[in-house]
Every structure is written in structure tokens, then in C-alpha cells.
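Fold and contact review
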Amino acid sequence: MRDPMTALTDAFTSFLFGKVETTRLPVRTSTGQAQAVYLPTAAPGLGDSGVIIGREVYSGKGYIYDPFQLYGQQLPAPHWLVLGESGNGKSALEKTYVLRQLRFKDRQVVVLDAQGEDGVGEWNLIAQQLGITPIRLDPIAANDSGIRLNPLDPAITATGQLALLRTIIEVAMGHGLDERAGFALKVAHAYVVDTIRDRQPVLTDIVEQLRHPEAESALAMNVDIDDVRAWGLDVALVIDRLVDGDLRGMFDGPTTVGIDLDAPLIVFDLSHIDRNSIAMPILMAIVGVWLEHTWIRPDRKKRIFLVEEAWHIINSPFVAQLFQRLLKFGRRLGLSFVAVVHHLSDVVDGAAAREAAAILKMASTRTIYAQKADEARATGRVLGLPRWAVEIIPTLTPGIAVWDVNGNVQVVKHLITEAERPLVFTDRAMTESSTPAHLPADLLAAELEAEERALSIERSRGSGSPGSATTVA
């Protein structure tokens, strides 16, 4: 109860100067209701259209991402870089992302599956679930009528064939071709393409022509035929490795009939190739160029090209140049390139630092899982991450990552449905005794639709309960 003198003083002050102070009783409310009043505490999302990823950790809002929906004002390029140490959820993210994208009828995905499990690639279960047979590139199986991809397939332009041959040779040799070796390769390729009409030209035709060049080739440059043969000898020896060496059988014959390039999911199983050998970047170069000329078409489809162990591509100057062109070209035709690597130092400190920087610049979306503190600082410097994000990366738990979508930086908990779980985890040999042979597709669809409805309701309210994201698996 206020004393009379204080009340009289306040009344006199208000009469002279107006009411200068108000008194409000405190209001008790819940955190969720308070968030609706203080909206700036929740960072803006990326919109409501696209693929569910999970929940934004600090606000609990649903996190939805789709490069095709965001492309334009919000996203200058649809390409995506995924970083992080093993065991933190990169593989699960990739697989659920692909499964959810394939629910859209205009989406198509190609995966270069470089990691094996139980004698097959780790995408084998998902392929089986969708009724897809992976394209398994295996030198041993190839000699027994296995899968072949022909670098001289007529579906690839003559210019593309020559560029691919040069890349294969340069990757294997570890340096660029000099002018003389390049001339020998060019005339051998031109002769093979011009003279072989009744079948697909193959690599053995190139090797034979390099060993026995035509006299006309020497006369055209006014050089001796023996010089042309000598210039092409090293080139012939490198190509011979694809024909009769450790990569034999996969590229030295006509392209295997029956490869379905219209399937919603195309998996190239590279798990039988030594990941640390020179064979892997050579193989990725061949697959990349072959896809560029046979798969990417102006048919309004939205395509995703996902490459695991992408350092094999970005760390080789010659292969990186091919993929850099593919990214620039594919953007006009609706291609989203997804590169998955463990550490940024795998690529920025390598021989192809300049090419790697160009590819990273085109990746407007970056997802970073847990890394050690020094690696996180290096990643932050290269990608231009804010300081708070760099500091939190070493503390992230599996399934939670920092997402940087063209400067919109948020911490996101990845959600996995019970139907997806047996398909996406790659440590079954350590954690399970058996794996279900088949999961109904309608179960996956039902769970995703339920999750979509729940997240849609939360987004319409503006925000959810802080911390709830960390408890949802």
C-alpha cells in the first residue's frame, strides 16, 4: 500500500509532465509461448517446399532443404559438399536424402558407391529395396562377361572421347601429355573413329594404331613414321593397362547392353576397386564423362550425382577439370552434384588445389559433421564459416551437423525413420546379427508423411520446443 505523500507526488508529476512510467504485473508463461512473442530467437528457415532433413537444434523447427526449390535467389548453385569424420552420420544423411528425393517423380539419382560392405557396395540394400541392380565394376567379374563401359562409345562425341583418353593417360602418368604424345594420340584416335564403322571402336584399336601408326599421319606433319611411333609408345603402354592390366575387362569392350539410364536410381558399385590405387580416379573420370554424354539430357528431369570418396576426383587436377566442366554444364540441365569427403585438407592441400577451390566455390551448400578442433578451424577459414559455428563443430554428436546454405548457417539434427534405419546404417557387421531382406515401401512412405505433417504443423506455429531436436532419433 503506497503512502499518501507518494501518491500525491506521483499525481502532481503526471499532471506536469505526463505519465512517464508504467507498472505491469509479471506474466508466467511457457517457453513455447514466449518464443512466439520473441520471434528473433528462431533463425529463419529455408522454406516449406522440399525434402525433410530433420530439426533445427536451437528452435526445434523442422528443417527442409531442396537445391532445386532454392535455386535462384536463395541458392546460386545447386551443388553440395558434405564433410566430417567417419561415424558421425554422413552416410545416413546421403541415403535418406536420396530415398526422400526419389519420392518426387521428376528426380533421378546416380551414386558412385566406393565403399564396400559384405562383399557388395553399401548402397546395395537401397538398390534392392527399389528393385535396382547396381552396375558393379569389377576387374575379375568383367573378364567373365561383367559390366563394361566403353570410353569410345559412339554416344560420346569424338571431342569427348579424345578428352577422356587424355585424362585417363594423364592421371595414370601423373603429369600432362606433351605436344608430341598428344599428337600421336590424336591421330590414332582420328584414324580409329574414321575407319571403324561396323562396330564400336574399343581401346585395343587405339593401342594397335599407336604401335603401328599410318604413314599419312607422319606425312601430314612432315615427320618420320618412326618418330610418331616413339611419341605414342608411352601412351600405348598406359592404355594397355586398361586392356590387359589391373583394370582389364571394364573398359576394353563395347558398352554392356541393358544398362538402364532411365531408372530412378543408378548405382555404380566401385567397392571392388582398391580405393588407394590410381585405378579409382581413372575409373571415376571414365564414369563421369560417360554419364555426361549419355545420361544428362535436356528432358526437365532434376538429377543428383552423388560421389562418395570424392577426394579421388577433386584431388587430381585432370579429373577435377573434367568434373568442373560437368558442374558448369549440368547446372543448366538441372544437375545437383553432391561430393562427400572426410576432411577438407584432403582436397585443398593436394595437387589440384586450384581446381578444388573452383569446385568448392560452386558448392553453395556445405554440411559439416564433427571434426577435431584444428580441422574445424581450417574448414572454417576455407568455407568462411562464422566463429560460433567453427567453435561448435568439435562438440557435435553423431547425427548433428552445421549446415551453411549460401550463408544461412544453422545446426541441424538429422531425422531417420524406423523404416529407413535398416537401410542406411553402414555398421551392421558390428551391431547386428542379420538384416531384413525387404522392407515395404509403403511403410517408409507412411512414416515420412507422418513426419512431414508434424513438421508442417510446427513450422506454421513459427517454432517448437528448444532442445526437442536432440531427443528425436
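- As recorded by an unreviewed UniProt entry, the protein chain carries the name ATP/GTP-binding protein and is attributed to Streptomyces amritsarensis.

Quick notes on the packing of helix 7 (residues 158-173) against helix 8 (residues 179-195)
- Their axes nearest at 11 Å, the elements helix 7 and helix 8 cross at an angle of 140°. Classed by the angle they form, the pair helix 7 and helix 8 counts as oblique. Taken as a pair, helix 7 and helix 8 cross one another with a handedness that is right-handed. Note on element contacts: helix 8 touches helix 7 through G182, L185, K186, H189 and V193, opposite A158, Q161, L162, L165, R166 and I169.
- Here the residues of the contact of helix 7 with helix 8 sort into six nonpolar, three polar and two charged.

Some points on the pattern of salt bridges
- Scanning all chains against the criterion turns up 15 salt bridges.
- Across the salt bridge formed by R107 and D66, the nearest N and O atoms sit 3.0 Å from each other. Residue R107 is located in strand 4 (residues 107-113), and its partner D66 is located in the loop between strand 2 (62-65) and helix 3 (67-70); the two are separated by 41 residues in the primary sequence. For the pair R107 and D66, one class covers both residues: buried.

Here we look at the packing of helix 13 (residues 279-294) against helix 15 (residues 317-331)
- Put simply, helix 13 and helix 15 touch, their axes get as near as 10 Å, and they point 25° apart. The orientation of helix 13 relative to helix 15 falls into the category roughly parallel. You can see that helix 13 and helix 15 cross each other, and the crossing is left-handed. Taking contact as the criterion, the partners of P281, M284, A285, G288, V289 and E292 in helix 13 are, on helix 15, V319, L322, F323, R325, L326 and F329.
- The residue inventory of the contact of helix 13 with helix 15, partitioned by class, reads nine nonpolar, one polar and two charged.

Examining the confidence of the model for the protein chain
- Within the protein chain, residue pLDDT values average 79, and 79% of them lie at 70 or more.
- Per-element mean pLDDT across the protein chain ranges from 41 in helix 21 (residues 428-431) up to 96 in strand 12 (residues 400-405).
- Taken together, the stretch residues 428-440 has pLDDT below 50 and engages in 14 contacts with residues farther than four places along the chain or on a different chain.

As for helix 12 (residues 233-244)
- Taking 1.5 Å of rise per residue, the 12 residues of helix 12 would be expected to cover 16 Å, and the 16 Å separating its terminal C-alpha atoms lies within 8% of that figure.
- Of all the positions in helix 12, only V235, A236, V238, I239, L242 and V243 are classed as buried. Down the axis of helix 12, the smallest arc covering the buried residues is 165°, so these residues share one side. What points out from helix 12, more than 90 degrees from its buried face, is the exposed set L237 and D244.
- On the buried face of helix 12, the contacting elements are helix 7, helix 8, helix 9 (203-211), helix 11 (225-231) and helix 13.

Some details on the environment of I196
- Within the fold, I196 resides in the loop between helix 8 and helix 9.
- Other than its neighbours up to four places away in sequence, I196 contacts P201 and D205.

Structural notes on the sheet that holds strand 13 (residues 408-414)
- Reading across from one edge, 2-1-13-12-11-3-10-9-4-8-7 is the order of the 11 strands in this open sheet, with mixed pairing throughout. Only two strands of the sheet have a single neighbouring strand rather than two, namely strand 2 and strand 7 (135-136).
- Bridge analysis of strand 1 (residues 51-56) against strand 13 gives three bridges, and the strand direction is antiparallel. Its bridge partner being in strand 13, R55 is matched across the sheet by K413.
- Strand contacts of helix 4 (residues 90-101): strand 1, strand 2, strand 3 (80-83), strand 4, strand 8 (265-269), strand 9 (302-307), strand 10 (335-341), strand 11 (365-368), strand 12 and strand 13, with the helix running at about 135° to strand 1, the strand carrying the most contacts.
- Taken strand by strand, helix 18 (residues 373-383) contacts strand 3, strand 11 and strand 12, and its axis lies near 170° from that of strand 11.

Overview of the pairing of strand 4
- Across the seven residues that make up strand 4, a large majority, seven, are buried.
- Judged from the six bridges that link them, strand 4 and strand 9 form a sheet pairing that is parallel. Within strand 9, the residue paired with R107 across the bridge is K302.
- Note: strand 4 against strand 8, five bridges, orientation parallel. For D113, the partnering residue across the bridge sits in strand 8 and is D269.

Calculation rules
- Residues numbered from 1 in each chain as written.
- Predicted model: local features only at pLDDT ≥ 70, side-chain atom pairs only at ≥ 80, totals over all residues.
- Heavy atoms only, no water.
- Axes fitted to C-alpha atoms, helices over the stretch in contact; angles between N-to-C directions.
- Helix = DSSP H or I, 4+ residues; strand = E, 2+ residues; numbered from the N terminus.
- Parallel < 35°, antiparallel > 145°, perpendicular 65-115°, else oblique.
- Left-handed = near helix turned anticlockwise from the far one by under 90°.
- Contact = heavy atoms within 4.5 Å.
- Nonpolar A, V, L, I, M, F, W, Y, C, P; charged D, E, K, R; others polar.
- Salt bridge = Lys/Arg side-chain N within 4 Å of Asp/Glu carboxyl O.
- Buried < 20%, exposed > 50% of the residue type's maximum accessible area, 1.4 Å probe, protein only.
- pLDDT = per-residue confidence, 0-100.
- Expected span 1.5 Å × (residues − 1).
- Arc of directions from axis to C-beta.
- Pairing = 2+ DSSP bridges.

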